[in-house]
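# Descriptive structure summary
Letter by letter, the chains look like this.
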Amino acid sequence: MKANVARYGVLVALAFIFSYIETLIPFEMIGIPGIKLGLANLVVVVAMYTMRTWDAFIISLVRILLVGFTFGNLYSAVYGLCGGLLSFVVMVLIKKADWFGIVGVSLTGGIFHNIGQLIVAVLVVENVKVAYYFPPLLIAGAITGTVIGIVAGMIVRRLKKLLQI
Amino acid sequence: MAEKIKTAKHRRNEVILIGIVLLAAVGYMLWRQLAPTEPGGEVVVQTDGKEYARLPLSENAELDIAQGERHNHLVIKDGVATVTEATCPDKQCVHQADISRNGEMIVCLPNQVLITIEHGEDAELDGTAK
């Protein structure tokens, strides 16, 4: 239990810093809203593969709430929450179904993160036309998700050796 | 905790998944390049799910989309619409690409503003959520 508390703290802090670094990257220059690298998702994926699902969920939730209230605003917190929760649920299901390894899980997570945010966007502006952003967001989510998945795989392999799990 | 992070089956499925995504990406880009996009006729501004203003794209104009304390400044110049200033916290609408073709849009989520380009002549309520 004690070890878990420490690990919670380390991972939340790490995810928090990743989110901060992300606010420094000017991705909005691409002209499509909502594209992000998803660095914080790296922590969530690693947690999912090295701790219990429940632990990873708590870390993800705490991270989104903390980041939403420090670097963002109410809107970005709600978007982050919907994207984060949907992507988490989908990743857990895909992982349970054992269709993909860590790369595929992270890839699907990236896609569904963007789908979740797009759903909120449609509800907010009350116009389904916002789905116009769906194709570029899907592709962006797949690319960033794959990159995150590959890196997460490297980390998990080393962590498992280190922690003997 | 004994689950494998990568097996032969995973690898095969992942290759298929990435293939599908790549195909979708290429298809989308081809479609964007090849599909005939007519130049738009009208700039339609929607706030909070309701139509706020409808301006011809052909005339230079500036519009302050005001909703109480919340503002977005729309500029139409030489057949191109863009948002130059906004009171929203993230300024996504200011950074989004300029729009001029039919169907293109700029969205400001915090202020619930949606700016789209439409045909003009047959601009009924198509696609507008009630």
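What you see is a predicted model, and the numbers here were worked out from it, not measured in a lab. (Residues numbered from 1 in each chain as written. Chains lettered and ligands numbered in written order. Predicted model: local features only at pLDDT ≥ 70, side-chain atom pairs only at ≥ 80, totals over all residues. Heavy atoms only, no water.)

## Observations concerning the interface of chain A and chain B
Heads up, the condition is: Every residue pair with non-hydrogen atoms within 4.5 Å of one another is taken to be in contact. Joining two parts hides part of their accessible area as seen by a 1.4 Å probe, and the buried area is that hidden amount summed over both. Each salt bridge in this description consists of a side-chain nitrogen of Lys or Arg and a carboxyl oxygen of Asp or Glu lying within 4 Å of one another. A 3.5 Å cut-off defines polar contacts: any pair of N or O atoms within that distance qualifies, except that in protein one atom must be a possible hydrogen donor and the other a possible acceptor, and neighbouring residues in sequence count only when both atoms are side-chain atoms. Helix and strand assignments follow DSSP, with helices taken as H or I runs no shorter than four residues and strands as E runs no shorter than two, numbered in order from the N terminus. Each residue is assigned to one of three groups, with Ala, Val, Leu, Ile, Met, Phe, Trp, Tyr, Cys and Pro labelled nonpolar, Asp, Glu, Lys and Arg labelled charged, and all others, Gly among them, labelled polar.
Listed by partner, the interface residues are 42 residues for chain A and 38 residues for chain B. In this assembly, chain A packs against chain B so that about 3400 Å² is buried in total across both faces, 63% of it on carbon and sulfur atoms. Summed over the three residues of chain A that lose the most area to chain B, namely A:Val125, A:Lys129 and A:Tyr132, the buried surface amounts to 17% of that side. Joining chain A to chain B, the criterion identifies 1 salt bridge. Close ionic contact of B:Lys9 with A:Asp98 constitutes a salt bridge, the shortest N to O distance being 3.7 Å. Summed over the shared surface of chain A and chain B, the result is 10 residue pairs in polar contact (both at pLDDT 80 or more). Taken together, the elements giving at least two residues each to the side of chain A that touches chain B come down to helix H2 (39–50), helix H4 (74–97), helix H5 (102–125) and helix H6 (134–163) of chain A. Its residues placed into classes, the side of chain A that touches chain B shows 24 nonpolar, 10 polar and 8 charged.

## Focus on the nonpolar core
Short version of the rule: In this text, buried Ala, Val, Leu, Ile, Met, Phe, Trp, Tyr and Cys residues form a nonpolar core when linked through side-chain atoms within 4.5 Å. Buried residues are those whose accessible area, probed at 1.4 Å on protein chains only, stays under 20% of the maximum for their type, while exposed residues exceed 50% and partly exposed ones sit between those limits.
Judged by nonpolar contacts, the single largest core of 39 residues is most densely connected at A:Met48, A:Tyr49, A:Ile59 and A:Ile102. Listing elements by their share of this core, those giving two or more residues are helix H1 (2–24), H2, helix H3 (53–70), H4, H5 and H6 of chain A together with helix H1 (8–34) of chain B. The element that contributes the greatest number of residues to this core is H2(A), accounting for 10 residues. Once residues within four sequence positions are removed from consideration, A:Ile102 is found in contact with A:Val45, A:Tyr49, A:Gly149, A:Ala152, A:Gly153, A:Val156, B:Ile5 and B:Glu14. Judged by nonpolar contacts, the second largest core, of 19 residues, contains B:Leu63, B:Leu74, B:Cys88 and B:Cys93.

## As for the sheet that holds strand S2 (residues 50–56) of chain B
Residues and elements named next belong to chain B. Keep this limit in mind: For two strands to be treated as a pair, DSSP must find no fewer than two bridges joining them. An axis is simply a line fitted to the C-alpha atoms; with a helix, the fit covers only the stretch in contact. Between two such axes, the angle follows the N-to-C directions and lies from 0 to 180 degrees.
Reading across from one edge, S2-S1-S7-S6 is the order of the 4 strands in this open sheet, with antiparallel pairing throughout. The outermost strands of the open sheet, each flanked by one partner alone, are S2 and strand S6 (105–108). The sheet shows a mean angle of 15 degrees between the axes of neighbouring strands, taken without regard to direction.

## Section: a positive patch on the surface
Rules: Within this analysis, patches are made of residues with over 30% relative accessible area and no salt bridge. Like charges are joined at 9 Å or less; nonpolar side chains (Val, Leu, Ile, Met, Phe, Trp, Tyr) at 5 Å or less. Residue-level accessible areas treat just the shown protein chains as cover; the underlying method is Shrake-Rupley with a 1.4 Å probe. Counting rule for charge: Lys and Arg are taken as positive, Asp and Glu as negative, and neither His nor the chain ends is counted. Lys charges are placed at NZ, Arg charges at CZ, Asp charges at CG and Glu charges at CD.
Taken together, A:Arg157, A:Arg158, A:Lys161, B:Lys6 and B:Arg11 make up a surface patch of like positive charges. Per-element accounting of the positive patch gives the leading share, 3 residues, to H6(A). By the secondary structure assignment, B:Lys6 is in the segment before H1. Judged by relative accessible area, which is 38%, B:Lys6 ranks as partly exposed.

## Topic: the domain arrangement of chain B
Counted only if it meets this: Domain boundaries shown here were taken from an automatic or database domain assignment.
What the domain assignment lists for chain B is domain 1 (1–35) and domain 2 (42–118). A C-alpha centroid distance of 35 Å is found between domain 1 of chain B and domain 2 of chain B.

## As for the state of the cysteines
Threshold: Here, a disulfide means two cysteine sulfur atoms that sit within 2.5 Å of each other.
The tally for this structure, following the rule as stated, stands at 0 disulfides over all chains. Take A:Cys82: it sits in no disulfide, and the sulfur closest to it among the cysteines is that of B:Cys108, at 18 Å.

## A word on a nonpolar patch on the surface
Side chains of A:Ile17, A:Tyr20, A:Ile21, A:Leu24, A:Ile25 and A:Phe71 sit close together on the surface and give an oily, nonpolar patch of about 510 Å² of accessible area. Tracing the sequence through the fold places A:Ile21 in helix H1.

## Notes on the pairing of S6(B)
Burial along S6(B) is two-sided: the face carrying B:Met105 and B:Val107 and the face carrying B:Ile106 and B:Cys108 are both buried. Here S6(B) folds back onto strand S7 (residues 113–118) of chain B in antiparallel fashion, the turn holding 4 residues, of which B:Gln112 has a positive phi close to 55 degrees.

## Remarks on the pattern of salt bridges
Residue and element names in this part refer to chain B. Under the definition given, this model contains 6 salt bridges over all chains. Residue Glu118 is joined to Arg54 by a salt bridge in which the shortest nitrogen-to-oxygen separation is 3.4 Å. One end of the pair, Glu118, is in strand S7; the other, Arg54, is in strand S2, and 64 residues separate them in sequence. Owing to a relative accessible area of 7%, Glu118 belongs among the buried residues under this scheme. Linked through salt bridges whose partners overlap, the residues forming this network are Glu42, Glu51, Arg54 and Glu118.

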